[in-house]
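# Structural overview for review
Below, each chain spelled out in residue letters.
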Amino acid sequence: MTTAPSTVAATRTTGPAVEMTDLSVQFRSKRSRTVALTDITMRVEPGEFVSILGPSGCGKSTLLKIVAGLVRPTTGSASLMGQQVTRPQDKIGFIFQRAALLEWRGVRKNILLQAEMRGLDRKEAGRRADQLMEMTGLTGFENALPHELSGGMQQRVSLCRALLHQPPVLLMDEPFGALDALTRETLNTELNRIWRETGTTILLVTHSIAEAVFLGTRVEVMSARPGRIVRSLPVDLPAERVYADVMADERFDRLAAELRGMLGSGANH
Amino acid sequence: MSEQTVERGITSGAADAGAASAARAGAGGPTASTGAARRSGPTPGARLGRLADAAWRPTLVLLVIFAVWWFVADREYIANYLIPTPAQVWEKLTSEWDFLLENSLITLYETVLGFALAGAIGIASAVLITYSPTMERSIYPIVLFAQVIPKIAIAPLLAVLLGTGLAPKVVLAVLIAFFPVVVSGVTGLRSTDPELLDLSATMGAGPWKTFRKIRFPNALPHLMSGLKVAVTLAVTGAVVGEFVGASEGLGYVLLLASGNLDSALLFADLILMSIIGIVLFVLVEIAEALLIPWHASRRSGIPLTTS
Ligand SMILES: Nc1ncnc2c1ncn2[C@@H]1O[C@H](COP(=O)(O)OP(=O)(O)O)[C@@H](O)[C@H]1O
Ligand SMILES: [Mg+2]
C-alpha cells in the first residue's frame, strides 16, 4: 500500500481536488420535472475526507455522479483535480451502495477488472490486488464468486477494486448502508486507515450520523428535495480514529447531537 | 440500533471470521483456490442420484406410452398400416439402416448449419437492436414480420427461389430458429445493471470493452436459453424444408413413407428426427454448463457466509 508505485499519479496539485460551483440539476421527463439539486457550491481540498449527510432522495447520489461525470449538471459546473468535468471521469474510484460486482468473476478477477479496463500492467496490478485483499481480509477467497460472499465481503471487494489504480479521489455512495453494525464498524476502521495511508481524497455519502462523524474531517449536511447544502461542520478529531475512543469523545457526542437536531428523525444512529 | 441487531452482528461476524480462517487454513498451496474447490460441486455419486431422481418420472411415463402403443398395435385395435408394432419399427430401422442414416445425416447437416447461422444472425441483430435506436426501429419490425409469416407456407416459395438443393432448407431453419435468439439476446443485453455501466465508464472503458467484459457475459444466461429453443426449432425448419422439392433428408423420407402407407418407416423416421433434436439440445446444454458455470452454481449455491 505505502510502497507500491502509483499507477494514476497521486497528483499534488495546489488547487482543490473537487470543486462544484453553483450547481443545479433538474431531471425532466414527459410528465414531471424534478429539481434534484440547487445552489451547490463545495470545495474539497486534496486529502480531505468529506462526509455528506442528508435525507434520502435529496440528491446525494446525483451529487457524486456529477463529480464522476456520469450526470451533467443543468447549470453550474464541477471540476476534478483542476479539470472541468464534461464526461465520465477515470481519475476516481467509485463505490456503489450495492457492491456492483460481476457475478461470473471470482473475487480477484473482479478486483482486476479495474486493471483490464484501464489496460494497466497485469503483473503489477496482480501484486497490488493481492496486497489489497490481504489488507481487507479477503486472502483465501480469491476465487469465490460474489454470491458465495456475505454483503460485507462483497463491499470489501468493491473497495479493493476502487483502490486498485490508486485514484486521487474516491467517491463512495452509502457503501456500508446495507451491512450490520459490527461489519460496518470494522469496515469504517479499515477505511480510516486506508485514507490515512494513501492520502486519497474521499467523498462519502451516508445516512448514518455516527459514520459521517467517525470518518469525516468535515460533514456537509443537505436538506430534503430540492437538495442544497445547509451546513458544513468541521470534525475536530485526530486523523486516526479508534472506535472506542471516538465514541467516548465528548466532541463526537456534541457534533452528533447537533447533526441529529438538524436532520430531525430522518437519520439513523 | 436494537439489541437484536447487535446480537446478529456478533454471530454473523464470528461466522465470517471462522469461514475466513478455515479458508486460509485450507489454502495450503500457493494459490490453492478454496473457492474453486468448494464449487467443484457434488460428488459423482450424488450427481448420479440427482439424475436418477430427475429421470425416473419421465422414464415411467415413456414406458407406459410404449406399453400402450405395443398393446394397441399388437392386438391390431388399430390397423397395422396405421400404427405399426414396435417390433415392425425396429425391423425397419435395422433393415433400412444405411438409407435412414444417410438421410438423417443430411437433415442433421441442414439443421446444424441453420442453427449456427440463426445464432450468428440472431446475436448480431440483438447487438444492433440494443445499441442503436435507429437499428431497433428498422430491424425489429422485420424480425417480427419474419416471425409471424407461417414458415410452412413459404417453403414452396423458397423452393422456387432457391432451387431444390441445401439452401431452401437451411434458410427455413434459420427463419424459424433465429427469433428466440434475437429476443433472448436483446433481453439479456438490456438486463445489464446500469450501475455496472456507470462503473465501466469510471474505469475509462470504451464501448467495445464494456460489451466484451460486462454486457455480453451478463447476457449469456438469457442467450443460452434462447439458443436451446432455437436448436429444437431448427430441426423443424430443416424437416419442413425437405417437404417441398427435396429428394433426400428425413422430411423427404417422411413424405415417401406416408405416400406408400409404410407406417413402420414413418415411425422410424419420426424417432430419428426426435433423436436429432434431443442430441442437439443436450449439446447446447453442455455448452451452457461449460460457458456459464457461475450461473449453474448460483442456482444451487449456498452462501459461504451470512453477515
Ligand atoms: N436519472 C434520473 N431521472 C429522473 N429522476 C432522477 C434520476 N436520478 C435521480 N432522480 C431523482 O432525483 C432525486 C435525487 O435522487 P438521488 O440523487 O438518488 O437521491 P439520494 O441519493 O440522496 O437518495 C430523487 O427524487 C430521484 O427520484
Ligand atoms: Mg442514493
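In this text, all values refer to a predicted model and were calculated from it rather than measured experimentally. (Residues numbered from 1 in each chain as written. Chains lettered and ligands numbered in written order. Predicted model: local features only at pLDDT ≥ 70, side-chain atom pairs only at ≥ 80, totals over all residues. Heavy atoms only, no water.)

A tally of regular secondary structure across chain B gives 13 helices and zero strands. Going from N to C terminus, chain B has its helices and strands arranged as α-α-α-α-α-α-α-α-α-α-α-α-α. In chain B, which comprises 307 residues, the share counted as buried stands at 38%. Across chain B, contacts joining residues at least 24 apart in sequence account for 73% of those joining residues at least 6 apart. Surface accessibility of chain B: about 16,600 Å² in total, with carbon and sulfur atoms responsible for 71%. (Helix = DSSP H or I, 4+ residues; strand = E, 2+ residues; numbered from the N terminus. Buried < 20%, exposed > 50% of the residue type's maximum accessible area, 1.4 Å probe, protein only. Contact = heavy atoms within 4.5 Å. Areas by Shrake-Rupley, 256 points an atom, 1.4 Å probe, with all protein chains shown as cover.)

All right, on to the UniProt feature "domain: ABC transmembrane type-1" (unreviewed entry) in chain B then. Feature annotation in UniProt assigns "domain: ABC transmembrane type-1" (unreviewed entry) to the following positions: residues 104-284 of chain B. End C-alpha to end C-alpha, residues 104-284 of chain B measures 19 Å, and it is 87% helix and 0% strand. (UniProt positions renumbered as here; feature names shortened; annotations may be inferred.)

A separate point is the UniProt feature "transmembrane region" (unreviewed entry) in chain B. Residue and element names in this part refer to chain B. Those residues carrying the UniProt feature "transmembrane region" (unreviewed entry) are residues 54-72, 106-130, 142-164, 170-189, 219-244 and 264-291 in this numbering. End-to-end, the C-alpha atoms of residues 142-164 are 26 Å apart, and along that stretch the chain is 83% helix and 0% strand. Taken end to end, residues 219-244 is 96% helix and 0% strand, and its first and last C-alpha atoms sit 37 Å apart.

Moving on, we get to a nonpolar patch on the surface. A grouping of Ile271(B), Ile275(B), Ile278(B), Val279(B), Phe281(B), Val282(B), Leu283(B), Ile286(B) and Leu290(B) is seen on the molecular surface, where their side chains present a nonpolar patch of about 790 Å² in accessible area. Turning to its location among the elements, Leu283(B) is positioned in helix α12 (residues 263-291). (Patch = residues over 30% accessible without salt bridge, like charges linked within 9 Å, V, L, I, M, F, W, Y side chains within 5 Å. Salt bridge = Lys/Arg side-chain N within 4 Å of Asp/Glu carboxyl O.)

All names here are of chain B. Domain assignment breaks chain B into domain 1 (30-78) and domain 2 (85-299). Taking only C-alpha atoms, the centre of domain 1 and the centre of domain 2 are 25 Å apart. Facing the six residues of domain 1 at the interface are five residues of domain 2. Approximately 470 Å² of surface area, both sides summed, lies buried where domain 1 meets domain 2, with 87% of it carried by carbon and sulfur atoms. Across the domain 1-domain 2 interface, the total number found is zero salt bridges. For the pair domain 1 and domain 2, the number of links is zero residue pairs in polar contact (both at pLDDT 80 or more). When residues in the side of domain 1 that touches domain 2 are grouped by element, the largest group, five residues, is from helix α3 (residues 44-74). (Domains from an automatic or database assignment. Buried area = accessible area lost by both parts, 1.4 Å probe. Polar contact = N/O pair within 3.5 Å; in protein donor to acceptor, adjacent residues only side chain to side chain.)

This paragraph deals with the packing of aromatic side chains. The tally for this structure, following the rule as stated, stands at eleven aromatic pairs over all chains. Ring centres 4.7 Å apart and planes at 45 degrees place the aromatic pair Phe214(A) and Tyr243(A) in the tilted group. In this pair, Phe214(A) is assigned in helix α6 (residues 209-215) and Tyr243(A) in helix α7 (residues 243-248), connecting sequence segments 29 residues apart. Look at Phe66(B) and Trp69(B): their rings are 5.6 Å apart centre to centre, the planes differ by 90 degrees, and that puts the pair in the edge-to-face class. Note that Phe66(B) and Trp69(B) are positioned in helix α3 at a spacing of three residues, about one turn of the helix. We classify Trp69(B) as buried; its relative accessible area is 18%. Connected via pairs of aromatic rings, a cluster forms that spans Phe66(B), Trp69(B), Trp70(B) and Phe267(B). (Phe/Tyr/Trp six-rings, centres within 6.5 Å; stacked < 30°, edge-to-face > 60°.)

Let us look at the packing of helix α10 (residues 207-243) of chain B against helix α11 (residues 250-259) of chain B. All names here are of chain B. Viewed as axis vectors pointing N to C, α10 and α11 meet at an angle of 50 degrees, and their least axial separation amounts to 7 Å. Taken together, the axis directions place α10 and α11 in an arrangement best described as oblique. Crossing geometry of α10 relative to α11 is assigned as right-handed. In this structure, α10 contributes Val-239, Glu-242 and Phe-243 to the contact, and α11 contributes Leu-250, Gly-251, Tyr-252, Leu-254 and Leu-255. For the contact of α10 with α11, the class distribution of residues is six nonpolar, one polar and one charged. (Axes fitted to C-alpha atoms, helices over the stretch in contact; angles between N-to-C directions. Parallel < 35°, antiparallel > 145°, perpendicular 65-115°, else oblique. Left-handed = near helix turned anticlockwise from the far one by under 90°. Nonpolar A, V, L, I, M, F, W, Y, C, P; charged D, E, K, R; others polar.)

Looking now at the site of ligand 1. Residue and element names in this part refer to chain A. In the region of ligand 1, the neighbouring residues are Phe-27, Thr-34, Ala-36, Ser-56, Gly-57, Cys-58, Gly-59, Lys-60, Ser-61, Thr-62 and Arg-225. Within the side chain of Ser-61, one N or O atom sits 2.7 Å away from an oxygen atom of ligand 1. One of the side-chain nitrogen or oxygen atoms of Thr-62 is found 2.5 Å away from an oxygen atom of ligand 1. When the free accessible area of ligand 1 is taken as 560 Å², the share hidden by the protein chains comes to 60%. No other element matches helix α1 (residues 60-68), which puts three residues into the shell around ligand 1. In terms of residue class, the shell around ligand 1 is built from three nonpolar, six polar and two charged. (Near = heavy atom within 4 Å.)

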